[in-house]
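# Coordinate analysis (summary)
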Amino acid sequence: MARPIRTGSRGLTTNTLLALILGLPILAGIAGVILPAFGYLPALGGLRVTLGHFAELAGQPHILRSSLTGLAAGLATTCAAVAIVGTFLAGFAGMPAFSRIQHLVSPLLAVPHAAAAFALAFLVAPSGFLVRLVSPELTGFMRPPQWLLPNDPLAVSMVAGLITKEVPFLFLIALAALPQLPLRQARQLTAALGYGRLSGFLISVWPALYRQIRLAVFAVLVYSVSVVDVAIILGPQLPATLPVRIAQWADDHDLGARFLASAAALLQLAIVLAAVTAWLVIERIGRFVLARLTHSGRRLRNDGVPRFVSAVAMAACAAVIFLGIATLGVWSVAGLWPFPDAWPTKLTSQIWLRTLPQLWPALRTTITLALTSASLALLSAVLLLHRNGRRRENGTGHRLLYLPLLLPEISFVFGLQILIVAAGLKPAFGSVLAVHFLFVLPYVLLSLAAPWRELDPRFERIAAGFGKSALQTLLTVRLPLLFRACLTAFAIGFSVSVSLYLPTLLIGAGRLTTIATETVALSSGGDRRVIGVYALVQASLPFLAFLVASLGPQLLFRNRRAMRT
């Protein structure tokens, strides 16, 4: 007879381990921002507490505009993404068009933010592909028009780029939560009462669904408010958003600028808190409006227009990225391509042949970091879930899991850089790998937790009945059954690592370059052909990881049909 597994102490150990892995570096990073912001950093000569650095920050040109631009862009992105995803789910969940859009949008999750930003920039720029398609026949343009797209002062292009990436993310998170809700019964009940698809979904399903995806919404908000790489590529330049200016001060050769950057990073943390507060107010307003709608008894059956708009918006997010990636590919092999020609005069591989030798060191570092951090994260996730059994994770560990997603990167990662400098440590592969692991682990653990809990426990009971130990059962029963889920979690972690720009830039201090850092660096005036090569390589790496995750079970279990699904 198999011994019962005691989960209480193990659960405590799991929570404690998560607290150490995720909590302490983040808290140390925040401390590394707060102390220099108030002037105390002995390694750089700061020996007394002062408010002078905040006064210096307040005197920086257009600092208020930089702060408000990021705040407004984050709130606009989150509102638009939630509205598009919520309306599309309400209008099409359970319909044939829903599965088609689902298959169209799902691959977009693998595209790094920087590659997606370049994809949009190559489309909407004055000499971009969209203008070339309609010029000069429809526009009369014989030379590129003089408009500020991308990098417009109102950050419209940056918001558009963020929306195209965050809509697929929220959509896939909602898809994971939707099966846990009685969607079909709610549809039937509200339809019998005469409600339209949108109003019926909002009244019966949306409150419960929003509770399931709420943390993901806050993660989108925090990321959008504090994003750096997308803001460099698509955001305003004069002035840039506050996170971009912080990154510039942190990269300044004058070490004294670290104090100013610390004060700005603390301001950025306050801006994120203000954004979260504003979103809480928006939630209250939304609950009030939904309650009024519920009690009014209005059925709102004529909802064809918002449903159509949401479908177009979802399809547009996919079309923009796919068309933009295709444009990147064309630019990477383009010879002479004068404006307003819609197609280059010739195609050549010379750009690839000339760029690959320069690209290889960064590519090798990127792949090594991604493989190592994703492998360590997958191993850690398996051990944590195995020790925790089938009990749902809760308490401190569960909350700390989201800390790297719910705090602005520029604040605590810059604090970690300050601490590394103060400790006299040199930038190295190990320190960058540790920071990558910090960001990769939450995504891997979250993606693996649901399949882990849903596995039928009878398989393990049968193995225990045959005298197999817990470790043998894990290696020979659970992990083979969860092989596809493990590969998918690995691919997600690999993709996250490939897309990490700011942690690599700050902790690596420019000595450790990856495809992400090199691609964003080219945005300040590099050749479009070279940018196309780098961005296409960065976009291809996650796709290759997901391709392996998809084909792996097909090849390994080709003689076992049930194991291939």
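Residues numbered from 1 in each chain as written. Predicted model: local features only at pLDDT ≥ 70, side-chain atom pairs only at ≥ 80, totals over all residues. Heavy atoms only, no water.

Named according to an unreviewed UniProt entry, the chain is Binding-protein-dependent transport systems inner membrane component originating from Sinorhizobium fredii. Under the UniProt heading Subcellular location (unreviewed entry), the note attached to the chain is "Cell membrane". (UniProt positions renumbered as here; feature names shortened; annotations may be inferred.)

When its secondary structure is counted, the chain shows 25 helices and 2 strands. Relative to the 2.2 N^0.38 estimate, which gives 24 Å for 565 residues, the radius of gyration of the chain is 25 Å and therefore close to what a compact globule would have. Among the 565 residues that make up the chain, the fraction classed as buried is 51%. Within the chain, counting contacts between residues at least 6 apart in sequence, those at least 24 apart form 81% of the total. About 26,300 Å² of surface is accessible on the chain, with carbon and sulfur atoms providing 66% of the total. Side chains of the chain give 45 positive and 18 negative charges; the mean places of these two sets differ by 14 Å. (Helix = DSSP H or I, 4+ residues; strand = E, 2+ residues; numbered from the N terminus. Rg over C-alpha atoms; globule rule 2.2 N^0.38 Å. Buried < 20%, exposed > 50% of the residue type's maximum accessible area, 1.4 Å probe, protein only. Contact = heavy atoms within 4.5 Å. Areas by Shrake-Rupley, 256 points an atom, 1.4 Å probe, with all protein chains shown as cover. Lys, Arg positive; Asp, Glu negative; His and termini not counted. Charge placed at Lys NZ, Arg CZ, Asp CG, Glu CD.)

This next bit is on the pattern of salt bridges. Under the counting rule described, the total for this entry stands at 2 salt bridges. Across the salt bridge formed by Arg214 and Glu283, the nearest N and O atoms sit 2.9 Å from each other. Of this pair, Arg214 sits in helix H10 (residues 206–226) while Glu283 is found in helix H13 (residues 257–296), placing the two residues 69 residues apart along the sequence. Residue classification places Arg214 among the partly exposed positions, given a relative accessible area of 31%. Asp527 is the partner of Arg529 in a salt bridge, and the nearest nitrogen-oxygen pair spans 3.7 Å. Look at Asp527 and you get partly exposed, because its relative accessible area is 34%. (Salt bridge = Lys/Arg side-chain N within 4 Å of Asp/Glu carboxyl O.)

Okay, the environment of Ile492 next. Topologically, Ile492 is positioned in helix H22 (residues 483–499). Overall, Ile492 belongs to the buried group, its relative accessible area being 18%. For the pair Ile492 and Val444, spaced 48 residues apart in the sequence, the C-alpha separation amounts to 6.6 Å.

Let's shift gears to the confidence of the model for the chain. Confidence in the prediction of the chain, expressed as mean pLDDT, is 85, and 92% of residues score 70 or more. Model confidence for the chain, summarised as mean pLDDT per element, is weakest for helix H16 (residues 395–400) at 54 and strongest for helix H3 (residues 63–92) at 94. Counting interchain partners and residues more than four positions distant, the pLDDT-below-50 stretch residues 1–11 has 6 contacts. (pLDDT = per-residue confidence, 0-100.)

Across its 22 residues, helix H7 (residues 156–177) extends 31 Å between first and last C-alpha, which sits within 8% of the 32 Å expected from 1.5 Å per residue. Most of H7 is tucked away: 18 of the 22 residues are buried. (Expected span 1.5 Å × (residues − 1).)

Within the secondary structure layout, Ser349 lies in the loop between helix H14 (304–332) and helix H15 (350–388). With 148 residues separating them in the primary sequence, Ser349 and Ser497 have C-alpha atoms 29 Å apart.

Once that is clear, we can look at the packing of aromatic side chains. Across all of its chains, the model carries 10 aromatic pairs by this definition. Between Phe122 and Trp331, the aromatic rings sit 6.4 Å apart at their centres with planes inclined by 80°, giving edge-to-face as the arrangement. Separated by 209 residues along the polypeptide, Phe122 in helix H5 (residues 113–124) and Trp331 in helix H14 bring together distant segments of the chain. This pair shows no difference in class: Phe122 is buried, exactly as Trp331 is. Ring pairs connect the aromatic residues Phe118, Phe122, Trp331 and Trp337, which therefore count as one cluster. Geometry around Tyr195 places Arg299 over its ring, the cationic atom sitting 4.5 Å from the centre. For Arg528, the ring lying beneath its charged end belongs to Phe122, and the centroid distance is 5.7 Å. (Phe/Tyr/Trp six-rings, centres within 6.5 Å; stacked < 30°, edge-to-face > 60°. Lys NZ or Arg CZ within 6 Å of the ring centre and 35° of its normal.)

Let us now look at the side chain of Ser135. By the secondary structure assignment, Ser135 is in the loop between helix H6 (129–134) and H7. On the basis of relative accessibility, which here comes to 4%, the residue Ser135 falls in the buried class. Of note is the side chain of Ser135, whose polar atom sits 2.7 Å from the backbone oxygen of Val131. At a separation of 2.6 Å, a polar atom in the side chain of Ser135 contacts the side chain of Thr139. With residues near it in sequence (within four places) discarded, Ser135 still touches Phe141, Phe339 and Pro340. (Polar contact = N/O pair within 3.5 Å; in protein donor to acceptor, adjacent residues only side chain to side chain.)

Right, let's get into the nonpolar core. Counting 172 residues, the largest nonpolar core has Leu89, Leu170, Phe171, Leu209, Phe412 and Leu448 as its most contacted members. For Phe171, the contacting residues outside a window of four places in its chain are Val85, Phe88, Leu89, Phe98, Gln102, Val105 and Met314. (Core = buried A, V, L, I, M, F, W, Y, C linked by side-chain atoms within 4.5 Å.)

With that settled, the discussion passes to the packing of H3 against helix H4 (residues 96–105). Where H3 contacts H4, the axes come no closer than 9 Å and their chain directions differ by 140°. Each of Phe88, Leu89 and Phe92 in H3 lies in contact with H4, whose residues at this interface are Ala97, Phe98 and Ile101. A per-class count over the contact of H3 with H4 returns 6 nonpolar, no polar and no charged. (Axes fitted to C-alpha atoms, helices over the stretch in contact; angles between N-to-C directions. Nonpolar A, V, L, I, M, F, W, Y, C, P; charged D, E, K, R; others polar.)

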